[in-house]
Amino acid sequence: MSDLQHLFENNRRWAEDQLAQDPLYFKKLAALQAPQYLWIGCSDSRVPANQIVGLLPGEVFVHRNVANLVVHTDMNALSVIQFAVEVLQIRNIIVCGHYDCGGVHAAYENRQLGQIDNWLRNIKDVYHGNRHELEAISKESRRIDRLCELNVIEQVRNVCHTTIVQNAWAKGQDLSVHGLIYDISNGIIQDLSVCINDADQLSGIYQMSSKPFQKVKLAV
Ligand code: CO
């Protein structure tokens, strides 16, 4: 018997349950993908996006990776953001981190784990940029919790630094980017109060003009 057999059985039961509650469930779902939210979260199996905010399939567009990072060279994340903002016209992007994040823990330590070290380097950079605040926290577990929070805040900024989001704002699209953190120990999500909905809230160096490209003479 396949290792996946029980998954197929669960799936049949789930599909039957949905139809028992609403015979048109799948017809309605298939007809429309109009999610209100883009969720950028951690791949951690304990943080399932839809369930913890009580949303049904079709209501949230989801991107997950190790430690909920938004890296400006990651074509996967950028493609998700572009599709969500420009095609689905999503109004709210949520970056949701979580305490006890294995990726953040690994980045905090100095052990080599292989290829993933290059990914986790982004979190080390967050640590380095905030080292004075972090090293003033004496309790190590609290320091790592704070690093989880600061990592979310940094990723919120990274979403906003994309030309995708800034062009949407320039066109007058209503779009907010939020930073949240989930506590695995009690199931509660907290708002980190870093909502950004305007390019003016960004540091000047990251503000990108949306004026058409003009040829400029380069001095050589
Ligand atoms: Co995690």
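So, here's what we can say about the structure. Everything quoted here is computed from the prediction, not taken from an experiment.

Summed over the entire model, instances satisfying the criterion amount to 10 salt bridges. Across the pair Glu-154 and Arg-157 runs a salt bridge, and its minimum N-O distance is 3.3 Å. Placement of both Glu-154 and Arg-157 in helix α8 (residues 140-161) is noted, with a separation of 3 residues, approximately one turn of the helix. On the basis of relative accessible area, Glu-154 is assigned to the partly exposed category, the value being 27%. The exposure class assigned to Arg-157 is partly exposed, which follows from its relative accessible area of 38%.

Six octahedral donors at a metal ideally form angles of 90 or 180 degrees, and four tetrahedral donors ideally form angles of 109.5 degrees. Looking at the metal site, the cobalt ion is ligated by Cys-42 (SG), His-98 (NE2) and Cys-101 (SG), spaced 2.0 to 2.3 Å from it. One chain supplies every donor to the cobalt ion, and in sequence these donors are spaced C-x55-H-x2-C. Separated by 59 residues along the polypeptide, Cys-42 in strand β1 (residues 37-42) and Cys-101 in the loop between β3 (92-98) and α5 (102-108) bring together distant segments of the chain. Using a relative accessible area of 6% as the deciding quantity, one classes Cys-42 as buried. The exposure class assigned to Cys-101 is buried, which follows from its relative accessible area of 1%.

Along its 14 residues, helix α6 (residues 116-129) runs 21 Å from first to last C-alpha, staying within 8% of the 20 Å computed at 1.5 Å per residue. For α6, every residue scored as buried is listed here: Leu-120, Ile-123, Val-126 and Tyr-127. On its buried face, α6 sits against α5, α7 (131-135) and α8.

Gaps left between atoms are located by rolling a probe of water-molecule size over the structure's atoms. Of the voids in this model, the largest pocket is the one considered here, and its volume is about 390 Å³. Along the walls of the largest pocket sit 19 residues, with Val-70, His-72, Glu-154, Asn-158 and His-161 positioned nearest its centre. Of all elements in the fold, only α6, α8 and α9 (163-170) reach the threshold of two or more residues within the lining of the largest pocket. Element by element, the count of residues in the lining of the largest pocket is highest for α8, at 5 residues. Across the lining of the largest pocket, the residue classes break down as 7 nonpolar, 9 polar and 3 charged.

This brings us to helix α4 (residues 75-87). If you check α4, its first and last C-alpha atoms are 17 Å apart, about what 13 residues at 1.5 Å a residue would give, namely 18 Å. For α4, every residue scored as buried is listed here: Ala-77, Val-80, Ile-81, Ala-84 and Val-85. Looking straight down α4, one finds that the buried residues subtend no more than 115° of arc, so they occupy a single side. Residues of α4 that are buried make contact with β1, β2 (60-65), β3, α8 and α9. At the N-terminal end of α4, a side-chain oxygen is found 3.0 Å from the backbone nitrogen of Asn-76, two or three residues along, and the residue is Asp-74. Gln-89 sits one or two residues past α4 and shows a positive phi near 55°.

With 7 of 8 residues buried, strand β4 (residues 176-183) is to be regarded as a mostly interior element. Two elements, β3 and β4, share 7 bridges in a ladder whose sense is parallel. Looking across to β4, one finds that Gly-97 is bridged to Ile-181. Bridge count for β4 against strand β5 (residues 188-191) is 4 bridges, and the pairing is antiparallel. Following the sheet pairing, Leu-180 is matched in β5 by Asp-191.

With that settled, consider the packing of aromatic side chains. A full pass over the atoms with the stated rule returns 5 aromatic pairs. With a centroid separation of 5.6 Å and an interplanar angle of 70°, the aromatic rings of Trp-14 and Phe-26 are classed as edge-to-face. Of this pair, Trp-14 sits in helix α1 (residues 5-21) while Phe-26 sits in helix α2 (residues 25-31), placing them 12 residues apart in sequence. Using a relative accessible area of 29% as the deciding quantity, one classes Phe-26 as partly exposed. Between Tyr-25 and Phe-26, the ring centres sit 4.9 Å apart and the planes meet at 90°, which makes this aromatic pair edge-to-face. Connected via pairs of aromatic rings, a cluster forms that spans Trp-14, Tyr-25 and Phe-26.

Parameters and conventions
- Residues numbered from 1 in each chain as written.
- Predicted model: local features only at pLDDT ≥ 70, side-chain atom pairs only at ≥ 80, totals over all residues.
- Heavy atoms only, no water.
- Salt bridge = Lys/Arg side-chain N within 4 Å of Asp/Glu carboxyl O.
- Helix = DSSP H or I, 4+ residues; strand = E, 2+ residues; numbered from the N terminus.
- Buried < 20%, exposed > 50% of the residue type's maximum accessible area, 1.4 Å probe, protein only.
- Donors = N, O, S within 2.8 Å, 3.2 Å for Na, K, Ca; no water.
- Expected span 1.5 Å × (residues − 1).
- Contact = heavy atoms within 4.5 Å.
- 1 Å grid on protein atoms, 1.4 Å probe; cavity = no way out; pocket = protein on both sides within 12 Å on 5 of 7 lines; lining within 4 Å.
- Points joined across faces, edges and corners; volume = space filled by probe spheres on them.
- Nonpolar A, V, L, I, M, F, W, Y, C, P; charged D, E, K, R; others polar.
- Arc of directions from axis to C-beta.
- Polar contact = N/O pair within 3.5 Å; in protein donor to acceptor, adjacent residues only side chain to side chain.
- Pairing = 2+ DSSP bridges.
- Phe/Tyr/Trp six-rings, centres within 6.5 Å; stacked < 30°, edge-to-face > 60°.

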